[in-house]
Amino acid sequence: MSKALVCSCEDVTVSDVKHAVSRGFCDVESVKRYTGFGTGICQGKNCLSAVAALLEREKALKPEAVVPFTPRPPLYPTELRVLASAPVDESQPPVGGVPQELEHFASALRPEGSVPAKAKVVIIGGGIMGLSLAYNLALRGETDVVVLERGYLCAGASGRNGGGVRMQWGTPALIELAKRSIDLMKDFARDLGVNVWLRQGGYIFLAKRKDVAERLERNAVLHNKYGVPTRIITPDAARDIVPGLTMKDCLTAAYNPEDGVIFPWAFLWGYAQGCQKRGIKVETYTQVTGFETSNGQVRKVKTDRGDIACDTVVLASGAWSPEVARLVGVQLPNEPHRHEILSTEPLKPFLAPLVSVLDTGLYFSQSMRGEIVGGMGDPLEPAGLNMGSTLRFVKRFAEALIEQMPQVGSVKVLRQWAGCYDVTPDNNPVLGRTPGLDNLLQMSGFVGHGFMMAPAVAERMAQWMTTHESDELFTRFNLRRFAEGKLEREDMIIG
Ligand SMILES: Cc1cc2nc3c(=O)[nH]c(=O)nc-3n(C[C@H](O)[C@H](O)[C@H](O)COP(=O)(O)OP(=O)(O)OC[C@H]3O[C@@H](n4cnc5c(N)ncnc54)[C@H](O)[C@@H]3O)c2cc1C
């Protein structure tokens, strides 16, 4: 054991880095996430080169594969009130952003050797959906499964989200899925041996407009019908739960004490580890490049490390799903939309629930590490796969947060980043068989709530795939509904 520090902000030692490598987390992005190095107040300025040198010395990677992690703005830790006063023309849409994240990962990171020549099930996408499905298939005895991920685990939305988990939805299907997911999350550490830091501090939704207040009231009745203890509370009662909220212009609030937050990265690692222990291959830095089809079936999945013949293919590529589907001639109605998010320096615990202003999509919570983590949607954001960060976002977010909670103005932002929501026309997922390509299964379109849906959806999907019993979920959310116009819109979208 070496107690020599490589990252003094986050107390990461040489041994911690070696431990990450021994668990298969060898590239800089993965080591950063696994150990936490570079996520503290120095933003990686003091530790990145030490970790890179250590990885090279440990021969964890080829020298050309030791590439720095993506730098995150702001350049220096910056107070929210300074960001709120940034000169930004808010009438202009948020085009561009820095850094423009690479669509292609360094080829030196690609593992040597080919992918398996055949597998019963190939899952495209090593995000929460793909990994949780693979794990659930293994639990049901199906281990001839390969998961293909073009980057590192956590490269997609699953590694970029706010970790919010809530039962407060507008439709019975999502309420029930979220309830089941949260139950599964409670047992995650026992079942998978990884602590996902589930903290059930509740969610408080605030409403400023009358129509939004009515939506909260209507949905609370639905929640209670499905056993979710949401209650409508006055602005004063909300301030009792979160002292310091100004409640400016708020008409009402909805509170479910059983909602909460989790730590997303650990969740992915838990499922990936659970898959690997059961013999499932999770192939990172392996990109799907095409398909071979005949007689209405996908026969092979082509990758940059060889082809895999298979019986069933699952498309779980998040915001990239339309792009991957096009490779096999399938049109999905999903659209990627950038959503930005940030994290501050850590503070002592002061905020139990996640607070969201439903009118604007502002949300903020406090992580188990003490950081304020929050985001806010942007009505001017154009569709597209863009993961750059903008000054416009931090300005809008900081203004909205300070309006709600002025005392956080002097808290410093350490990092901002972005990911893509995988948006469908009715804000509901695309699941089940693909018309015309029966063995291509869809598992995408989870907008801004896939993380909290994954455990329950994966459980049902694995059951449906292995038993062939019918399950209405895969009919209700089938791709066909868009052509047939059978849409039931989900209205509790934030971010
Ligand atoms: C800023 C932000 C905040 C969010 N907050 C929350 C929240 O609080 N709670 C919540 O439940 N959800 C939240 N979400 C949504 C949630 O993160 C997603 O719904 C969920 O992670 C989607 O999981 P996925 O596995 O479908 O997609 P992803 O995690 O994006 O995984 C898809 C994977 O497919 C890979 N891939 C793409 N193309 C290929 C290819 N050709 N070959 C191989 N692999 C490929 C990608 O690299 C990616 O890793 C948020 C999302 C964002 C962006």
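Residues numbered from 1 in each chain as written. Predicted model: local features only at pLDDT ≥ 70, side-chain atom pairs only at ≥ 80, totals over all residues. Heavy atoms only, no water.

### Observations concerning helix α5 (residues 128–139)
Let me state the cut-off plainly: A helix here means a DSSP run of H or I that spans at least four residues, while a strand means a run of E at least two residues long, and both kinds are numbered starting from the N terminus. Expected span of a helix, by definition, is 1.5 Å for each gap between consecutive residues, and there is one gap fewer than residues. The classification of residues rests on relative accessible area computed with a 1.4 Å probe and restricted to protein chains. Under 20% of the type maximum is buried, over 50% is exposed, and intermediate values are partly exposed.
The terminal C-alpha atoms of α5 lie 16 Å apart, and with 12 residues this matches the ideal 16 Å at 1.5 Å per residue to within 8%. Of all 12 residues in α5, 11 are buried; the element is thus mostly enclosed. Buried residues of α5: Ile128, Met129, Gly130, Leu131, Ser132, Leu133, Ala134, Tyr135, Asn136, Leu137 and Ala138, and no others. Positioned one or two residues after α5, Gly141 has a phi angle of 90 degrees, which is positive.

### Brief notes about the environment of Val261
Here is the rule we go by: Here, two residues are considered to be in contact whenever any of their heavy atoms come within 4.5 Å of each other.
Mapped onto the fold, Val261 is located in strand β10 (residues 260–261). The buried category is assigned to Val261, whose relative accessible area is 8%. Distance in space between the C-alpha atoms of Val261 and Ala352 is 9.8 Å, their sequence separation being 91 residues. Excluding its chain neighbours within four sequence positions, the residues that come into contact with Val261 are Gly163, Gly164, Val165, Trp197, Leu198, Arg199, Leu354, Ser365 and Gln366.

### Focus: unusual backbone geometry
Backbone torsion omega between Pro73 and Pro74 reads -5 degrees, so that peptide bond is classified as cis. Within the secondary structure, Pro74 sits in the loop between α3 (48–57) and β3 (78–79). Here the amide bond leading from Val98 into Pro99 is cis, since omega sits at -20 degrees, within 30 degrees of zero. Turning to its location among the elements, Pro99 is positioned in the loop between α4 (80–84) and β4 (118–124). One non-glycine residue, Met247, adopts positive backbone phi at about 60 degrees. Structurally, Met247 can be placed in the loop between α9 (235–241) and β9 (252–256). Owing to a relative accessible area of 6%, Met247 belongs among the buried residues under this scheme. The backbone phi angle of His468 is positive, close to 60 degrees, even though this residue is not glycine. For His468, the location among the structural elements is in the loop between α13 (450–467) and α14 (473–476).

### Some points on the domain arrangement of the protein chain
Threshold: Domain delimitation follows an automatic or database domain assignment. Once two parts are joined, some of their accessible surface, as seen by a 1.4 Å probe, is lost; buried area is that loss totalled over both. Salt bridges are defined as contacts in which a side-chain nitrogen from Lys or Arg sits within 4 Å of a carboxyl oxygen from Asp or Glu. Counted as a polar contact is a pair of N or O atoms within 3.5 Å, where, for protein atoms, one must be capable of donating a hydrogen and the other of accepting one, and residues adjacent in sequence contribute only when both atoms are in side chains. For this classification, the nonpolar set comprises Ala, Val, Leu, Ile, Met, Phe, Trp, Tyr, Cys and Pro, the charged set comprises Asp, Glu, Lys and Arg, and every other residue, Gly included, is treated as polar.
Partitioning the protein chain into domains gives domain 1 (5–69) and domain 2 (107–160 + 265–334 + 426–484). Relative to domain 2, the C-alpha centre of domain 1 lies at a distance of 30 Å. Taking both partners together, domain 1 and domain 2 bury about 1,000 Å²; carbon and sulfur atoms supply 66% of that area. Where domain 1 meets domain 2, there are 1 salt bridge. With its nearest N and O atoms 3.9 Å apart, the salt bridge here joins Lys62 to Glu112. Here domain 1 and domain 2 share 3 residue pairs in polar contact (both at pLDDT 80 or more) between them. For the side of domain 1 that touches domain 2, the residue count by class is 5 nonpolar, 1 polar and 6 charged.

### Let's talk about the packing of aromatic side chains
Cut-off, in case you're wondering: To pair, rings of Phe, Tyr and Trp, with the six-membered ring standing in for Trp, must have centres within 6.5 Å; the planes then decide the type, stacked if under 30 degrees apart, edge-to-face if over 60, and tilted in the middle. A ring is considered to have a charge above it if a Lys NZ or an Arg CZ atom is located within 6 Å of its centre and within 35 degrees of its normal.
This structure, assessed with the given rule, holds 18 aromatic pairs. Seen in terms of ring centroids, Phe263 and Trp265 are 5.6 Å apart; in terms of plane orientation they differ by 55 degrees. Their pairing is tilted. Three or more aromatic residues joined by ring pairs form one cluster here, namely Phe25, Tyr34, Trp197, Phe263, Trp265 and Trp269. When the ring centre of Phe69 is taken as reference, the NZ or CZ atom of Lys32 above it lies at 4.4 Å. Of note, Arg166 hangs over the ring of Trp169, and the distance from its end group to the ring centre comes to 3.7 Å.

### Comments concerning the site of the ligand
The criterion, for reference: If even one non-hydrogen atom of a residue comes within 4 Å of a molecule or strand, that residue is called near it. Shrake-Rupley sampling with a 1.4 Å probe provides the accessible areas, and residues are treated as covered by the protein chains on show and by no other component.
Looking at the ligand, there are 37 residues lining it, with Glu149, Ser158, Gly164, Gly450 and Met452 nearest. Between Arg150 and the ligand, the recorded distance is 3.1 Å, taken from a backbone N or O atom to a nitrogen atom. For the ligand, the accessible surface in isolation is 990 Å², of which the surrounding protein chains cover 97%. Mapped by element, the contributors of at least two residues to the shell around the ligand are α5, β15 (335–346), β19 (412–423) and α13. Grouping the constituent residues of the shell around the ligand by class yields 17 nonpolar, 17 polar and 3 charged.

### Some points on the sheet that holds strand β17 (residues 362–366)
As a reminder of what qualifies: DSSP calls a pair of strands paired once it identifies at least 2 bridges connecting them. Each axis is a line fitted through C-alpha atoms, taken for helices only over the stretch in contact, and angles between the N-to-C directions span 0 to 180 degrees.
One open sheet holds the 9 strands; their spatial order is β3-β19-β15-β18-β17-β16-β7-β9-β8, and the pairing between them is mixed. Each of the sheet's edge strands pairs with one partner strand only, and the pair in question is β3 and β8 (231–233). Where β15 meets strand β18 (residues 371–375), 4 bridges bridge the pair, whose relative direction is antiparallel. Looking at β18, one finds that Pro346 is bridged to Glu371. Together, β7 (203–207), β15, β16 (354–357), β17, β18 and β19 form the strand contacts of helix α12 (residues 391–404), whose direction differs from that of β17 by roughly 75 degrees.

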